[in-house]
Amino acid sequence: MIGNNRLIHLDGVSRRYELGGTTVTALDTVDLTVYDGEFVVVLGPSGSGKTTLINLIGALDTATEGTISIAGVDITDTKRKDLFDFRRRSVSFIFQSFNIFPGLTARENVQFGIDAAGRDDAPGADDVLERVGLGDRSAHFPHELSGGEQQRVAIARALATGNPILLADEPTGELDFTTGVQILELLREQAGPGTAVLAVTHNREISRIADRVVELSSGRIASDGPPPGGRAELADLHW
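Bear in mind that the values here come from a model prediction, so they are computed numbers and not experimental data.

Student: I'm lost on the sheet that holds strand β3 (residues 39–43) in this one. Help?
Tutor: Within a beta sheet, neighbouring strands are joined by backbone hydrogen bonds and run either parallel or antiparallel to one another. Taken together, the 6 strands give an open sheet; going across it, the order is β6-β7-β8-β3-β9-β10, and neighbouring strands pair in mixed fashion. Since the sheet does not close on itself, it has two edges, and those belong to β6 (91–94) and β10 (220–225), each with one partner. When strand polarity is set aside, the average angle formed by the axes of neighbouring strands in this sheet is 20°. Inspection of the sheet shows strand β7 (residues 165–169) paired to strand β8 (residues 196–201) by 5 bridges, in the parallel sense. When the sheet's bridge partners are listed, Ile-165 is paired in β8 with Ala-196.

Student: Explain the sheet that holds strand β4 (residues 65–70) here, please?
Tutor: The sheet built from 4 strands is open, its strands ordered β2-β1-β4-β5 with antiparallel pairing. Unpaired on one side and paired on the other, β2 (22–35) and β5 (73–74) mark the two borders of the sheet. Sitting on the sheet, helix α1 (residues 50–57) touches β1 (6–19), β2 and β4, and the angle it makes with β1 is about 120°.

Here is what the cut-offs are and how they apply
In every chain, residue numbers begin from 1 and rise along the written sequence. Residues qualify for local features only when their pLDDT is at least 70, as the model is predicted, and side-chain atom pairs are given and counted only at 80 or more; totals for whole chains, interfaces and linings, by contrast, use all residues. Computation of side-chain values covers all heavy atoms of the structure but excludes hydrogens and water. Strands are treated as partners if at least two bridges between them are detected by DSSP. Numbering of helices and strands starts at the N terminus; helices are DSSP runs of H or I of at least 4 residues and strands are runs of E of at least 2. In this description, a line fitted to the C-alpha atoms serves as the axis of each element, helices being fitted only across the stretch in contact, and the angle between N-to-C directions of two axes falls anywhere from 0 to 180 degrees. Note on contacts: a residue pair qualifies if any of its non-hydrogen atoms lie within 4.5 Å across the two residues.

Take a look at the structure:
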């Protein structure tokens, strides 16, 4: 159920870069609000601004114009040194490139995320690995895991933090269909009271199970609303 707690709020946000004397606009005057309980999918082709959007929401980048409020905190003018503590307690990431530590086992990678978030109420690393289907691989190092298994470790680490906002960049990109559906179910379950999930993807099929679909084009929001035809069930997906 979608709540009334505004977890993500962008007001007139633009991000411009200077490249070789040319100004490139990655995002152009974007307004976006996401409430707790929402599972939002952001669609758009390469270069549409999806990665810039997720980086701004996750405080990995700063806006050129506009204001950004995340989990009730205005981070627009927050100094970089203060953003680290904000991120570790408010936002969890699932990166397309995994970003797991090669010298740590699957269990240790997930435990690192729990420790970094500093939450006493976080689920145990083994419990979360079991949820993503890696209960029997917890002692394995990344080089002993397939690409899909490494991605599931990254997803388990994000789920284990208990942070209110979960940002996912192509969360099913390296997964087979069956495992991908399992992960999507976990992500959808994660969106609940006090929590929101925003997933960036090229896969339009994934957007069918979202509460809202935000489509970007040339740095602007081209559409924002429920999935065309209504929200589908996981059993109806195919890719």
